[in-house]
Amino acid sequence: MGLGLKLPTIYNVQLVAIIATLGGALFGFDISSMSAIVVTDQYLTYFNNPHGIIQGAIGSALAAGSVVGSAIAGPLSDKIGRRDSIFFACFFWLIGTSVQVACKNYGQLIAGRVLNGFTVGITSSQVPVYLAEIAKAEKRGSLVIIQQLAIEFGILIMYFIGYGCASIEGTASFRTAWGIQFIPCFFLMIGLPFLPRSPRWLAKVGRDQEAIAVLANIQADGNVDDPRVVAEWEEIVTVMNAEREAGKGWRKFVKNGMWKRTMAGMTVQAWQQLAGANVIVYYLTYIAQMAGLTGNVAMVTSGIQYAVFIIFTGVMWLFIDKTGRRTLLVYGALGMAFCHFVVGGVMGAHHDNVPEGVGGNANIVISVHKGAPANTVILFSYLLIVVYALTLAPVCWIYAAEVWSLGTRATGMSMAAMSNWVFNFALGMFTPPAFVNITWKLFIIFGVLCVTAAVWFWLFYPETCGKTLEEIEILFGDQGPKPWKTKKGESRLTAEIEAVKARKTVEHEIEVHEHEKV
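Under the annotation held in an unreviewed UniProt entry, the protein chain carries the name General substrate transporter and is attributed to Neurospora hispaniola.

Chemist: What's the story with the overall build of the protein chain in this structure? I'm lost.
Modeler: If you tally the helices and strands in the protein chain, you get 22 helices and two strands. Buried positions account for 58% of the 518 residues belonging to the protein chain. The long-range share in the protein chain, meaning contacts at least 24 apart out of those at least 6 apart in sequence, stands at 81%. Element-wise, carbon and sulfur atoms account for 66% of the exposed surface of the protein chain, whose accessible area totals about 20000 Å².

Chemist: When you look at helix 14 (residues 277–290) in this model, what are you seeing that I'm missing?
Modeler: The principal kink in helix 14, of about 80°, is found at Tyr-283. Burial within helix 14 is extensive, with 14 of its 14 residues counted as buried. Just beyond helix 14, the residue with positive phi is Gly-292, at close to 90°.

Chemist: What should I look at first to understand the pattern of salt bridges in this one?
Modeler: Two side chains with opposite charge may pair up if their charged atoms get near one another. For the coordinates displayed, the defined rule picks out eight salt bridges. Close ionic contact of Asp-84 with Arg-83 constitutes a salt bridge, the shortest N to O distance being 3.0 Å. Residue Asp-84 is classed as buried on the basis of its relative accessible area, which comes to 13%. On the accessibility criterion, Arg-83 (9% relative accessible area) is buried. We note a salt bridge from Arg-325 to Glu-402, for which the minimum N-O separation is 2.7 Å. Separated by 77 residues along the polypeptide, Arg-325 in helix 16 (residues 325–349) and Glu-402 in helix 18 (residues 392–402) bring together distant segments of the chain. Here Arg-325 matches Glu-402 in class, with each residue buried. Linked by salt bridges that have partners in common, Asp-78, Arg-82, Glu-133 and Lys-204 make up one network.

Chemist: Explanation requested: unusual backbone geometry in the structure shown.
Modeler: Outside of glycine, negative phi angles account for most residues, and trans bonds account for most peptide bonds. Notably, Asn-48 is not glycine yet its phi reads approximately 60°, a positive angle. Within the element layout of this structure, Asn-48 appears in the loop between helix 3 (41–46) and helix 4 (53–80).

Chemist: Got a minute to help me understand the packing of aromatic side chains in this structure?
Modeler: Aromatic ring pairs are reported here in terms of the distance separating the ring centres and the angle at which the planes meet. Tallying each qualifying case throughout the model produces 23 aromatic pairs. Ring centres 5.3 Å apart and planes at 35° place the aromatic pair Phe-457 and Tyr-461 in the tilted group. There is no split in this pair, since Phe-457 and Tyr-461 are both buried. Aromatic rings pair up to connect Tyr-43, Tyr-46, Phe-47, Phe-174 and Trp-178 into one cluster.

Chemist: Before we go on, may I ask you to explain the nonpolar core in this structure?
Modeler: Within soluble globular proteins, side chains that are nonpolar tend to cluster in buried spots. Within the largest apolar cluster, 150 residues are counted, with the highest numbers of intra-cluster contacts made by Tyr-43, Met-336, Phe-435 and Phe-457. Apart from residues lying up to four places away in sequence, Phe-435 is in contact with Val-279, Tyr-283, Tyr-286, Ile-287, Met-290, Asn-363, Val-365, Leu-442 and Phe-443. Among the nonpolar cores identified, the runner-up in size contains five residues, and Ala-73, Ala-89, Phe-118 and Ile-122 belong to it.

Chemist: Whenever I open this one, the environment of Ile-236 confuses me. Can you help?
Modeler: You can see Ile-236 is positioned in helix 12 (residues 227–244). Classification of Ile-236 as buried rests on a relative accessible area of 1%. Considered as a pair, Ile-236 and Ala-203 are 33 residues apart in the sequence and their alpha carbons are 8.1 Å apart.

Chemist: Please explain a nonpolar patch on the surface as it appears in this structure.
Modeler: Taken together, the side chains of Tyr-331, Leu-334, Phe-341, Val-448, Val-451, Val-455, Trp-458, Leu-459, Phe-460 and Trp-484 present a nonpolar region at the surface, about 910 Å² in accessible area. For the nonpolar patch, the secondary-structure elements that each account for two or more residues are helix 16 and helix 20 (441–460). Looking at which element gives the most residues to the nonpolar patch, the answer is helix 20, with six residues. We classify Val-455 as partly exposed; its relative accessible area is 46%.

Chemist: Where do I start with the packing of helix 4 against helix 6 (residues 106–134) in this structure?
Modeler: Relative orientation and spacing of two packed helices are given, respectively, by the angle between their axes and the distance between those axes. For the pair helix 4 and helix 6, the least separation of the axes is 5 Å and the interaxial angle reads 35°. The chirality of how helix 4 crosses helix 6 is right-handed. Split into classes, the residues belonging to the contact of helix 4 with helix 6 amount to 16 nonpolar, 12 polar and one charged.

Procedures and definitions
- Residues numbered from 1 in each chain as written.
- Predicted model: local features only at pLDDT ≥ 70, side-chain atom pairs only at ≥ 80, totals over all residues.
- Heavy atoms only, no water.
- Helix = DSSP H or I, 4+ residues; strand = E, 2+ residues; numbered from the N terminus.
- Buried < 20%, exposed > 50% of the residue type's maximum accessible area, 1.4 Å probe, protein only.
- Contact = heavy atoms within 4.5 Å.
- Areas by Shrake-Rupley, 256 points an atom, 1.4 Å probe, with all protein chains shown as cover.
- Bend = angle between axes of the 7 residues up to and from the residue.
- Salt bridge = Lys/Arg side-chain N within 4 Å of Asp/Glu carboxyl O.
- Phe/Tyr/Trp six-rings, centres within 6.5 Å; stacked < 30°, edge-to-face > 60°.
- Core = buried A, V, L, I, M, F, W, Y, C linked by side-chain atoms within 4.5 Å.
- Patch = residues over 30% accessible without salt bridge, like charges linked within 9 Å, V, L, I, M, F, W, Y side chains within 5 Å.
- Axes fitted to C-alpha atoms, helices over the stretch in contact; angles between N-to-C directions.
- Left-handed = near helix turned anticlockwise from the far one by under 90°.
- Nonpolar A, V, L, I, M, F, W, Y, C, P; charged D, E, K, R; others polar.

Shown next as structure tokens:
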């Protein structure tokens with residue numbers, strides 16, 4: 001990492017992905033470091049029962065920092081590289097976690113979460129870029145989805161750590177839970193120096209020999225003459241030269257059809273938030289209490305949700321590159337809409353108002369009738385998470401990492417992540433007051449937004465599954481097909497590999513013929 005030390009490099013892409021996606025685990029840890037804590041007596045007593053806009057500010061502080069982090073992530077990544085920008089971000093995580101552990105009021109807690117958010121803004125945008133740039137086209141989805149799995153494992157592990165820490169008396173309860181956030185960052189910082197740099201970033205900055213060597217080590221066990229390596233390198237160079245002619249500055253995000261890709265990358269991340277699943281992820285403890293579940297039962301019920309999240313994302317990991325991105329986005333949004341409508345409808349038809357707050361929690365002002373209504377709310381909250389885990393949760397990150405050109409990828413992905421975090425922040429501020437002011441109608445709003453998202457996906461997003469990053473250039477070009485007429489696979493890289501093989505065969509025959517002449 002710039003210290004003059006020559007460390008061994010890991011080229012197994014699965015292992016590389018596992019190490020890199022510890023950046024996702026940071027995100028997951030920070031999410032559930034609050035989820036399990038916000039309903040504990042220790043937290044409510046020490047911070048004077050924060051609710052409404054104050055709890056919204058605490059919850060959305062991570063997103064506020066992430067907006068800033070994602071805004072600088074692109075230029076930083078283009079300057080020092082994908083890998084090193086992730087390493088740089090880790091220092092802010094260490095500082096932010098220290099502030100949270102030592103905080104004396106909610107203002108300091110917010111400040112610490114903003115600093116952690118700065119880290120998450122960089123890692124959430126650049127880890128998918130890094131993984132997309134080292135992966136084979138036919139395996140890119142399954143590699144990038146490891147990022148989503150890391151987020152979910154981070155959520156699950158930290159949630160039950162927080163649940164366990166809830167039994168500790170006094171402020172040591174939440175301080176211990178928050179202090180454990182140092183651990184994944186420590187392992188990430190140890191592992192990063194052993195990872196290769198992105199071959200596409202190396203090509204972008206003129207380090208061609210290093211780029212070819214990395215590409216060969218990842219794709220063909222170090223054989224730089226392998227037809228696949230030759231074909232992919234030629235495609236990278238061709239696209240890179242075309243992009244250099246396209247100009248610099250903000251215009252490269254709108255010229256020559258790039259506006260379509262900018263729109264797709266930013267809106268897919270916005271829709272992931274507007275679909276409303278994170279209301280369930282962040283606040284299922286509130287929904288469980290509305291449904292009459294209290295104490296350990298409510299906590300465990302909420303924790304099971306995170307296990308369900310991991311299981312179904314793991315299932316999708318096996319099939320993500322066999323199923324089109326468009327299919328998962330459209331049907332996922334419609335499935336989530338149905339779940340939102342059921343939860344909101346049942347809550348609206350079967351509840352009692354509790355102005356003083358359920359269990360004294362001022363954020364929860366309705367109680368769902370016990371029996372079938374309460375069970376239905378919990379069941380469809382779980383079902384919504386299942387649909388989300390199979391579709392929008394992984395696919396929105398994969399799609400956003402795929403749509404950019406080489407010259408715009410780092411900054412473009414940071415713009416996409418910034419879009420995600422702006423809406424995350426807005427919803428984080430909106431949700432706790434919404435639970436108080438519009439209660440069940442919140443879920444109806446998200447249901448309508450999910451239907452709108454499905455229509456948007458069908459109209460504007462071409463299929464990218466199975467295409468090389470360079471081929472995706474064509475899909476978004478002026479001569480590209482209509483999005484609803486695109487299909488997965490059909491990569492031209494296979495044909496280019498065969499062309500390289502044929503060319504090498506001809507060259508070999510010419511060499512043999514010339515040798516025989518001599």
